[in-house]
Amino acid sequence: KIAADKMAESYYRSFGLPVVIVRPFNTFGPRQSARAVIPTILSQLLSNKDRLRLGSLEPERDLTFVTDTVEGFLALGQCDAALGRTINLGTGVAVTVGELARRCMRIVGREVPIEQDSARVRPEQSEVMALISDRRLARELCGWEPRMSLDEGLNRTADFVRSHLGLYRPEEYQR
């Protein structure tokens, strides 16, 4: 990712190619890959599993609903002040995977025990414990702010997963 960012930046600096390097933080919502944590949690809960099987519960993630991410890309694409810059799109607020699971349980109305599955735990050297956006530059340069609350985004995502449960295989770990 860094190499691609630097290549784009070099084309901006060398050839004046109008480039903005956008770093979205943990975009989620309807149609998200079954490999991602939110569809993993929701599909297990909505398929009436007797426990929720997850990896590490401690990592913190800044979760941004897909419509906010799209609006951020569009705003930055029309913002000359952003040219040649690297700009984060996120909420600036993080939740742990464990808290995310508990929120999903409240949203779907089911509480089940959480079981840590060793096959789902990332290797220690590859896990980033906290991914939290600094979104100030997006706000300062083009006025972008995320508008969807985490709970409303989770509600919308749960509605999608519920109505498309056949797309998910909650009994399998999607690597």
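Figured I'd write up the structure that's included with this text. (Residues numbered from 1 in each chain as written. Predicted model: local features only at pLDDT ≥ 70, side-chain atom pairs only at ≥ 80, totals over all residues. Heavy atoms only, no water.)

Some remarks on the pattern of salt bridges
- The full count for this structure, using the stated rule, is 16 salt bridges.
- Residue Arg 103 is joined to Glu 99 by a salt bridge in which the shortest nitrogen-to-oxygen separation is 3.2 Å. Residue Arg 103 and its partner Glu 99 are both found in helix H4 (residues 97–108); the two are separated by four residues, about one turn of the helix.
- Measuring nitrogen to oxygen at the nearest pair gives 3.0 Å for the salt bridge that ties Asp 159 to Arg 162. Remark: Arg 162 and Asp 159 occur in helix H6 (residues 150–163); sequence separation between them is three residues, near one turn of the helix.
- Owing to a relative accessible area of 41%, Arg 162 belongs among the partly exposed residues under this scheme.
- Each of Glu 99, Arg 102, Arg 103, Arg 106 and Asp 151 takes part in one network of salt bridges that share partners. (Salt bridge = Lys/Arg side-chain N within 4 Å of Asp/Glu carboxyl O. Helix = DSSP H or I, 4+ residues; strand = E, 2+ residues; numbered from the N terminus. Buried < 20%, exposed > 50% of the residue type's maximum accessible area, 1.4 Å probe, protein only.)

Here we look at the packing of aromatic side chains
- Counted by the stated rule, this structure contains two aromatic pairs.
- Judged by centre distance (5.2 Å) and plane angle (50°), the ring pair of Tyr 11 and Phe 15 falls under tilted. Here Tyr 11 pairs with Phe 15, and both are found in helix H1 (residues 2–15), just four residues apart, close to one helical turn.
- Ring geometry for Phe 28 and Phe 65: centres 5.5 Å apart, planes at 75°, overall edge-to-face. Placement of the pair is Phe 28 in strand S2 (residues 27–28) and Phe 65 in strand S5 (residues 64–65), with a sequence separation of 37 residues. Side by side, Phe 28 and Phe 65 carry an identical accessibility label, which is buried. (Phe/Tyr/Trp six-rings, centres within 6.5 Å; stacked < 30°, edge-to-face > 60°.)

A short note on the sheet that holds strand S7 (residues 95–96)
- The three strands are arranged S7-S4-S9 in an open sheet whose pairing can be described as mixed. Each having just a single partner strand, S7 and strand S9 (130–131) make up the two edges of the open sheet.
- When strand S4 (residues 60–61) meets S9, the two strands line up parallel, connected through two bridges. Pairing of Glu 60 across the sheet is with Ala 130, part of S9. (Pairing = 2+ DSSP bridges.)

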